[in-house]
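One-letter residues, chain by chain:
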Protein chains: 2
Amino acid sequence: MNAQDVILGLLSEQPRTGYEIKRHFEQFFSFFFDASYGTIYPTLIKMEKAELITKEAVRQEGKPDKNVYTITPAGRQRFERYLHAPAAKEVLRSDFLMHLYFGQTAGEEAVKDLLLGEIEAKRGLYEDLQRKLERLEEGKALTRYQKMSIQIGLAQYRATIDHLNELLKEEFGS
Amino acid sequence: MNAQDVILGLLSEQPRTGYEIKRHFEQFFSFFFDASYGTIYPTLIKMEKAELITKEAVRQEGKPDKNVYTITPAGRQRFERYLHAPAAKEVLRSDFLMHLYFGQTAGEEAVKDLLLGEIEAKRGLYEDLQRKLERLEEGKALTRYQKMSIQIGLAQYRATIDHLNELLKEEFGS
DNA sequence: TAAAACATGTAAGTAGTTACATGATTCC
DNA sequence: GGAATCATGTAACTACTTACATGTTTTA
């Protein structure tokens with residue numbers, strides 16, 4: 001999975017601008033994918049050259065002009081290929097766990113703060129994601145599977161928060 | 001967190017070769033960090049030039065020669081700086097969740113297979129990590145915090161497997 | 001009046017992977 | 001005899017981020 005696959009997927013739902021794609025990443029994919037404008041815009045240009053998508057420039061009043069991208073049949077085919085290929089293995093990069101691993105060097109107080117910080121961070125992410133899900137459910141624009149993927153994120157956060165809280169109680173008694 | 005920080009951490013425990021560092025990544029960090037030889041060896045060379053570590057060539061019988069790296073005081077200082085800086089935010093990249101998100105396009109059968117596959121994959125990772133933990137506990141070479149970080153991984157896998165199994169039952173009735 | 005939202009793009013740099021290249025020894 | 005383990009390294013490439021660059025309108 002790279003930025004191109006994901007962008008193709010979003011454009012297979014409907015035409016979108018680079019700006020809208022980025023917003024979608026933040027709203028739906030925040031906990032398992034991200035890409036910056038510095039990736040999105042060059043990728044769109046590259047994909048247009050490869051004829052996977054087409055660009056339409058749209059003039060707007062009171063706002064900057066925008067480029068709306070539409071997927072082509074070749075683009076759709078490419079996306080199908082990605083979708084039916086086996087999912088690549090998940091990659092987690094956790095600086096929190098790395099810090100914890102070296103806790104002996106950092107000292108008990110530092111580790112306690114680390115745990116407290118991680119719990120707070122995860123709680124924030126959890127609430128944020130929950131609010132997003134609520135807002136999206138009101139809008140009714142959510143497929144069954146989109147909802148599932150968000151709920152998996154929620155369950156994962158929840159489980160981590162619970163486990164970390166237990167650890168804190170057991171190991172540091174507070 | 002980058003490869004340099006982590007390597008510095010491992011060398012702060014004891015002198016090691018590039019090969020041993022890679023093996024350690026696999027044994028301890030498999031679920032929250034990884035780096036290939038193509039990263040490790042060039043990084044070691046760069047760090048030696050920066051005088052964060054020193055190299056000692058060791059001749060061996062019946063095995064290739066090896067380069068044993070030792071951390072310098074400057075390297076230790078650099079590692080402390082990393083360790084006391086706030087932990088960078090965790091990054092997850094899940095192609096499984098991306099596939100699930102686009103389940104509507106892929107179809108119900110494909111999604112069911114996807115879930116089944118993910119459960120199997122996670123179960124494998126869980127058992128693997130559990131075996132690693134057992135072996136390491138026998139060896140008694142584990143600090144309290146090292147054990148904690150592995151247990152967090154185990155709890156995370158466990159929670160995901162359970163949640164995915166429930167999803168499968170509820171949504172696909174099998 | 002300042003920040004957020006809307007909107008696009010580039011240049012320079014960072015950080016990594018994959019594949020190749022080599023070669024002995026030990027275990028199955 | 002073949003796979004796994006031990007052991008190091010490079011070249012080409014991929015994929016991304018960060019910072020810069022610009023400018024309007026709406027909202028708090």
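Note that this is a predicted model, so its numbers are computed, not measured.

## Focus on the interface of chain B and chain A
Thinking step 1. If you look at the interface, chain B gives 61 residues, while chain A gives 61 residues.
Thinking step 2. Between chain B and chain A lies a buried interface of about 5,900 Å² when both sides are counted; carbon and sulfur atoms form 64% of it.
Thinking step 3. On the chain B side of the contact with chain A, Arg93(B), Tyr101(B) and Tyr145(B) bury the most area, a combined 15% of that side's loss.
Thinking step 4. The tally of links from chain B across to chain A stands at six salt bridges.
Thinking step 5. Glu90(B) is paired through a salt bridge with Lys122(A); the nearest N and O atoms lie 3.2 Å apart.
Thinking step 6. Here chain B and chain A share 28 residue pairs in polar contact (both at pLDDT 80 or more) between them.
Thinking step 7. At the level of elements, α1 (3-13), α2 (18-28), α4 (73-84), β3 (91-93), α5 (95-101), α6 (103-106), α7 (108-139) and α8 (144-172) of chain B are the ones that each hand at least two residues to the side of chain B that touches chain A.

## Details of the packing of α7(B) against α8(B)
All names here are of chain B.
Thinking step 1. Their axes nearest at 9 Å, the elements α7 and α8 cross at an angle of 155°. Accordingly, the angle class assigned to the pair α7 and α8 is roughly antiparallel. You can see that α7 and α8 cross each other, and the crossing is left-handed.
Thinking step 2. By residue class, the composition of the contact of α7 with α8 is 16 nonpolar, five polar and eight charged.

## Some words on the relation of the copies chain B and chain A
Thinking step 1. In the superposition of chain B on chain A (RMSD 0.0 Å, axial shift 0.0 Å), the rotation amounts to 180°. Read as a symmetry element, the transformation amounts to a two-fold axis. Among all residues of chain B, the minimum C-alpha distance to the rotation axis is found for Leu92(B), at 2.3 Å.
Thinking step 2. The overlap is high: 100% of the interface residues of chain B also sit at the interface in chain A, so the same surface is used on both sides.

## Section: the domain arrangement of chain A
All names here are of chain A.
Thinking step 1. What the domain assignment lists for chain A is domain 1 (3-84) and domain 2 (95-172).
Thinking step 2. Placing a centre on the C-alpha atoms of domain 1 and another on those of domain 2 gives a separation of 29 Å.
Thinking step 3. The interface of domain 1 with domain 2 comprises six residues on the first partner and 10 residues on the second.
Thinking step 4. Where domain 1 abuts domain 2, roughly 690 Å² becomes buried across the two surfaces, and 62% of that area is made up of carbon and sulfur atoms.
Thinking step 5. The largest contributions to the domain 1 side of the interface with domain 2 come from Gln27, Phe28 and Phe31, which together make up 79% of the buried area.

## Quick notes on the protein's contact with DNA strand C
Thinking step 1. As a matter of local geometry, DNA strand C sits amid 25 residues, with Gln60(A), Asn67(A), Ser36(B), Thr39(B) and Gly62(B) nearest to it.
Thinking step 2. Within the side chain of Arg23(A), an N or O atom sits 3.4 Å from a phosphate oxygen of DNA strand C.
Thinking step 3. Backbone polar atom of Asn67(A) to a phosphate oxygen of DNA strand C: 2.7 Å apart, as the coordinates give it.
Thinking step 4. Within the residue set of the surface near DNA strand C, elements represented by two or more residues are α2 (18-28), α3 (37-49) and β2 (66-71) of chain A together with α3 (37-49) of chain B.
Thinking step 5. Partitioning the surface near DNA strand C into residue classes produces nine nonpolar, 10 polar and six charged.

Conventions we followed
- Residues numbered from 1 in each chain as written.
- Chains lettered and ligands numbered in written order.
- Predicted model: local features only at pLDDT ≥ 70, side-chain atom pairs only at ≥ 80, totals over all residues.
- Heavy atoms only, no water.
- Contact = heavy atoms within 4.5 Å.
- Buried area = accessible area lost by both parts, 1.4 Å probe.
- Salt bridge = Lys/Arg side-chain N within 4 Å of Asp/Glu carboxyl O.
- Polar contact = N/O pair within 3.5 Å; in protein donor to acceptor, adjacent residues only side chain to side chain.
- Helix = DSSP H or I, 4+ residues; strand = E, 2+ residues; numbered from the N terminus.
- Axes fitted to C-alpha atoms, helices over the stretch in contact; angles between N-to-C directions.
- Parallel < 35°, antiparallel > 145°, perpendicular 65-115°, else oblique.
- Left-handed = near helix turned anticlockwise from the far one by under 90°.
- Nonpolar A, V, L, I, M, F, W, Y, C, P; charged D, E, K, R; others polar.
- Least-squares fit on C-alpha atoms with pLDDT ≥ 70 in both.
- Domains from an automatic or database assignment.
- Near = heavy atom within 4 Å.

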